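Per-entry structural report
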Amino acid sequence: MPFIKLEAGSIDKEKKEKLISEFTKIASETLGIPQEAFVVLIKENPMDNWGTGGKMLSKVLAEKENK
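Residues numbered from 1 in each chain as written. Predicted model: local features only at pLDDT ≥ 70, side-chain atom pairs only at ≥ 80, totals over all residues. Heavy atoms only, no water.

**A short note on the overall build of the chain**
Tallying secondary structure elements over the chain gives two helices and four strands in all. Along the chain, helices and strands appear, N-terminal first, in the series β-α-β-β-β-α. Relative to the globule expectation of 11 Å for 67 residues, the C-alpha radius of gyration of the chain, 16 Å, shows a markedly less compact shape. Overall, the C-alpha framework of the chain stretches about 45 × 25 × 15 Å when taken along its three principal axes. When burial is assessed residue by residue, the chain has 18% of its 67 residues classed as buried. The contacts of the chain with a sequence gap of at least 6 include a subset with a gap of at least 24, amounting to 53%. (Helix = DSSP H or I, 4+ residues; strand = E, 2+ residues; numbered from the N terminus. Rg over C-alpha atoms; globule rule 2.2 N^0.38 Å. Buried < 20%, exposed > 50% of the residue type's maximum accessible area, 1.4 Å probe, protein only. Contact = heavy atoms within 4.5 Å.)

**Looking at the side chain of N45**
Here N45 shows up in the loop between β2 (39–44) and β3 (51–52). The exposure class of N45 is buried, given its relative accessible area of 13%. At 3.0 Å, the side chain of N45 and the side chain of E7 are in polar contact. Discounting residues that sit within four places of it in the chain, N45 has contacts with E7, A8, G9 and W50. (Polar contact = N/O pair within 3.5 Å; in protein donor to acceptor, adjacent residues only side chain to side chain.)

**Overview of a nonpolar patch on the surface**
Together, M1, F3, V39 and L41 line one region of the surface with nonpolar side chains, adding up to about 430 Å² of accessible area. Residue placement: F3 occurs in strand β1 (residues 3–8). (Patch = residues over 30% accessible without salt bridge, like charges linked within 9 Å, V, L, I, M, F, W, Y side chains within 5 Å. Areas by Shrake-Rupley, 256 points an atom, 1.4 Å probe, with all protein chains shown as cover. Salt bridge = Lys/Arg side-chain N within 4 Å of Asp/Glu carboxyl O.)

Here's what the structure looks like:
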């Protein structure tokens, strides 16, 4: 059973549905495995749980918004 995992920030329901559909479709076509065999997991993480450049991602994004 192939497993696809995406970790990201908050994603609305419509985008999740599209991601699951498109990930499954492309992986199925690429690997030649039926779509029904795939499991897709979308794990949402708060921006305070991510870091880049030694800073919390929430602060990095806030700094970009203020520029």
